[in-house]
Amino acid sequence: MDHDTDAVTGTYSDKPRLALLTVTEARETVELLQVLERLDPDEHGQAAGQLAADLARRLPSP
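It should be emphasised that the depicted structure is a prediction, and the values quoted were computed from it without experimental measurement.

**Brief notes about helix α1 (residues 23-39)**
Under the 1.5 Å per step criterion, the end-to-end length of α1 is 25 Å for 17 residues, consistent within 8% with the ideal 24 Å. All buried positions along α1 are accounted for by A26, V30 and L33. One side of α1 carries all its buried residues, which in axial view fall inside an arc of 65°. For α1, the exposed residues lying more than 90 degrees away from the buried face are T24, L32, R38 and L39.

Here's what the structure looks like:
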């Protein structure tokens, strides 16, 4: 059996799928990351701040 040439088959639901995060949850996540940035400015804070900025740019305007 050659897995590289086997066709992928399956059935997929037509039901709408939930987003991984809602917009509200994503905004709360950005806020929490910004808090972490302020609380830990030397270590993980910088990475948290960068991630918060990246996520915030992807969110729709309120």
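**Concerning the packing of α1 against helix α2 (residues 44-58)**
In contact at an axis separation of 7 Å, α1 and α2 are set at 155° when each is read in the N-to-C sense. Judged on the interaxial angle alone, α2 and α1 are roughly antiparallel. Here α1 runs over α2; the crossing is left-handed. Judged by residue contacts, T29, V30, L33, Q34, L36 and E37 of α1 engage G45, A48, G49, L51, A52, L55 and A56 from α2. A per-class count over the contact of α1 with α2 returns eight nonpolar, four polar and one charged.

What counts and how
- Residues numbered from 1 in each chain as written.
- Predicted model: local features only at pLDDT ≥ 70, side-chain atom pairs only at ≥ 80, totals over all residues.
- Heavy atoms only, no water.
- Helix = DSSP H or I, 4+ residues; strand = E, 2+ residues; numbered from the N terminus.
- Expected span 1.5 Å × (residues − 1).
- Buried < 20%, exposed > 50% of the residue type's maximum accessible area, 1.4 Å probe, protein only.
- Arc of directions from axis to C-beta.
- Axes fitted to C-alpha atoms, helices over the stretch in contact; angles between N-to-C directions.
- Parallel < 35°, antiparallel > 145°, perpendicular 65-115°, else oblique.
- Left-handed = near helix turned anticlockwise from the far one by under 90°.
- Contact = heavy atoms within 4.5 Å.
- Nonpolar A, V, L, I, M, F, W, Y, C, P; charged D, E, K, R; others polar.

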